[in-house]
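Tertiary structure, described
Here is how the chains run, residue by residue.
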Amino acid sequence: MKTRVIKLFDVITLVEHLCIEANCVMTSDIKRCLEKQAKEDKSMLGRDILNTLLQNAEIAQTESSPMCQDTGMTVVFVRVGQDVIFDGGFIGDAINQGVRQGYEKGFLRKSVVSDPLKRINTNDNTPAVIHYDVVAGDELTITVAPKGFGSENKSQLKMLTPSQGLQGVKDFILDVISEAGANPCPPIIVGVGIGGTMERCAYLAKKALLREVGSINSDEQLASLEKDLLAQINQLGIGPAGFGGSTTAMAVHIITEATHIAGLPVAVNIGCHATRHAEGKL
Amino acid sequence: MLQGTLKENYRRKIMYDKIELRIPLTIEAAASLRAGDMVYLTGEIYTARDAAHQRLFDDILAGRQLPFDFNGAVVYYAGPCPAKPGKPIGSVGPTTAGRMDKFSPLLIEQGLRFMIGKGLRDQTVIDKMVEHGGIYFAAIGGAAALMAKCVVNAEIIAYPELGTEAVRKLEVKDFPAIVAIDSRGVNYYDIGRKKYEVVS
């Protein structure tokens, strides 16, 4: 059997770097979208706010400062080839060490409490939320997606029934965004998971946030649904920072998966105007 | 592309519709503000978010002395990033104000009537604001690196054990905010949204 050894020291260094990059550098797809909307939004205040957000991103990148003070709970997506062997300890420990170092060296805020009820800050932003996916091959791909809770708190999941169908799904998504209003720092990205089980559906919604803004869903029906929903969301009037306008969302991204004959789970995960993420490979 | 350099852009923004407000704010000055006004705050403001609000709330109920004078003070719902060497503070944008709604009515009654945050407020808070001449300012959520540039000085003045959630006194200059809810209870979030809502 062919195997490839990856040193965990390299994983630590990569995660450290990705934590800082994700927090300080706006991805180019989001930047392009904000630049376009800064010219096209119907509200003058809205256009001004979008320009302010671009200006903020420019300062953040130039100074290597975080775009937002909420540098998030660190969500890490790991795609590990089944031919990879890790050398030097446990992969989960290495990822958390990378987060620890990245948040310290990058002057990022530590926003994680060890226990949801006792609420004592761990002071190093660990533990990270880590999603492992074992794939074919011998590569390791890591995506760090720090998630702020202004937008996370407005996310929702609902177990619909099959008879509620497509209309039920659409109504739920629009309700979630309408209710979220100004709170999740619009313009937002709407990540939607449909199908699977309860926890799988939430995972899909989170993963959907990582897709490139402006990309078209490879499934024709979903592509058209995404387009419809985006248009309807942008008619809600919420606008940049919630002060009114025609840019409430930059994109709607949907991922569907097999589900049970009795169920239609739908999860809506909202990403803020910066929906931060950075990817690296070893 | 951004038009002009960063510096020019910033100056341009400062130049139009500029309402300069000096802190401490008087109730009279606050009464003249209208929902939707762009303001630039200069003076001292105090950060306090979830954990600090719980502490202030408990201090009031227990009759303990408060860490700063509420009268005319402005509270900023924020927990900053650590400061880099030579800088007064790290990125410091507003957090969601709604989580403070449970505590705000009592704090407003005690004189802390001027607030900066982001997002929607509960009607109980708005009612108290109207009763006491309060103002809820919104800063732009996510523009935290830019807002750090308005902070001249920062020091922890209470609850240091809360880390980023400690109460900090910030000396700010031309700190940009929008009057989201004015002292009459007029809510600019509602006005703005209705204006651009397309009813099909």
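In this text, all values refer to a predicted model and were calculated from it rather than measured experimentally. (Residues numbered from 1 in each chain as written. Chains lettered and ligands numbered in written order. Predicted model: local features only at pLDDT ≥ 70, side-chain atom pairs only at ≥ 80, totals over all residues. Heavy atoms only, no water.)

Residue and element names in this part refer to chain B. In terms of burial, strand E2 (residues 38-47) is a largely internal element, nine of the 10 residues being buried. Pairing analysis gives four bridges linking strand E1 (residues 19-22) to E2, with the strands arranged parallel. The partner of glutamate 20 across the bridge, within E2, is tyrosine 40. Bridging between E2 and strand E7 (residues 167-181) involves nine bridges; their strand directions are antiparallel. Considered in E7, the bridge of leucine 41 is made with phenylalanine 175. (Buried < 20%, exposed > 50% of the residue type's maximum accessible area, 1.4 Å probe, protein only. Helix = DSSP H or I, 4+ residues; strand = E, 2+ residues; numbered from the N terminus. Pairing = 2+ DSSP bridges.)

As a further point, take the domain arrangement of chain A. Buried accessible area, meaning the area lost when the parts come together, often serves as the stated size of an interface. All names here are of chain A. Domains assigned within chain A are domain 1 (4-23 + 67-147) and domain 2 (150-279). Of note, the centres of domain 1 and domain 2, computed from C-alpha atoms alone, are 25 Å apart. Taken together, the contact pairs 20 residues of domain 1 with 16 residues of domain 2. The largest contributions to the domain 1 side of the interface with domain 2 come from Phe77, Thr143 and Lys147, which together make up 42% of the buried area. Here domain 1 and domain 2 share one salt bridge between them. Across the salt bridge formed by glutamate 152 and lysine 147, the nearest N and O atoms sit 3.0 Å from each other. At the boundary of domain 1 and domain 2, one finds six residue pairs in polar contact (both at pLDDT 80 or more). Looking at the side of domain 1 that touches domain 2, the elements that each hand over two or more residues are helix H1 (8-24), strand E2 (73-81), strand E4 (129-135) and strand E5 (140-147). (Domains from an automatic or database assignment. Contact = heavy atoms within 4.5 Å. Buried area = accessible area lost by both parts, 1.4 Å probe. Salt bridge = Lys/Arg side-chain N within 4 Å of Asp/Glu carboxyl O. Polar contact = N/O pair within 3.5 Å; in protein donor to acceptor, adjacent residues only side chain to side chain.)

Now for the sheet that holds strand E8 (residues 249-259) of chain A. All names here are of chain A. With mixed pairing, the four strands of this open sheet are ordered in space as E6-E9-E7-E8. Edge positions in the sheet fall to strand E6 (156-160) and E8, since each of these pairs with one other strand and no more. On average, adjacent strands in this sheet sit at an angle of 15° to one another, irrespective of strand direction. Here strand E7 (residues 188-196) runs beside strand E9 (residues 264-271); their pairing, made up of six bridges, is antiparallel. Bridging across to E9, glycine 193 finds its partner in alanine 267. With respect to the sheet, helix H7 (residues 198-208) is in contact with E6, E7, E8 and E9, its orientation differing from that of E7 by roughly 150°. (Axes fitted to C-alpha atoms, helices over the stretch in contact; angles between N-to-C directions.)

So, about the side chain of glutamate 16 of chain A. Residues and elements named next belong to chain A. Along the chain, glutamate 16 turns up in helix H1. Looking at glutamate 16, its side chain comes within polar contact range of the side chain of lysine 105, at 3.3 Å. Excluding residues that lie within four positions of it along the chain, glutamate 16 makes contacts with Gly98, Gln101, Gly102 and Lys105.

Residue and element names in this part refer to chain A. Spatially, the four strands line up as an open sheet ordered E4-E2-E5-E10, and their pairing is mixed. With partners counted over all chains shown, the strands left at the sheet margins are E4 and strand E10 (278-281), one partner each. In this sheet, adjacent strand axes meet at a mean angle of 15° when their direction is disregarded. Pairing of E5 with E10, which is carried by four bridges, proceeds in the antiparallel orientation. Each residue of the ladder has a partner; that of isoleucine 142, found in E10, is glycine 280. Sheet contacts for H7: E2, E4 and E5; angle to E2, the most-contacted strand, approximately 95°.

Going through the model one piece at a time under the given rule, you end up with seven aromatic pairs over all chains. Geometrically, the ring pair formed by tyrosine 46 of chain B and phenylalanine 68 of chain B is stacked, given 3.9 Å between the ring centres and 10° between the ring planes. Of this pair, tyrosine 46 of chain B sits in strand E2 while phenylalanine 68 of chain B sits in the loop between helix H3 (50-62) and strand E3 (74-76); the two residues are 22 residues apart in sequence, bridging distant segments of the chain. A network of ring pairs unites the aromatic residues Phe243 of chain A together with Tyr188 and Tyr189 of chain B as a single cluster. In this arrangement the basic side chain of arginine 121 of chain B is found over the ring face of tyrosine 136 of chain B, its NZ or CZ atom lying 4.9 Å from the centre. (Phe/Tyr/Trp six-rings, centres within 6.5 Å; stacked < 30°, edge-to-face > 60°. Lys NZ or Arg CZ within 6 Å of the ring centre and 35° of its normal.)

Turning next to the interface of chain A and chain B. Every contact between the two is made by 47 residues of chain A and, on the other side, 47 residues of chain B. Here chain A packs against chain B, burying approximately 4000 Å² in sum over the two surfaces, 59% of which is carbon and sulfur. The three residues of chain A that bury the most area against chain B are Gln69, Phe107 and Phe243 of chain A, which together make up 19% of that side's buried surface. In this structure, the connection of chain A to chain B is made through two salt bridges. The salt bridge partner of lysine 149 of chain B is glutamate 63 of chain A, with a shortest N-O separation of 2.6 Å.

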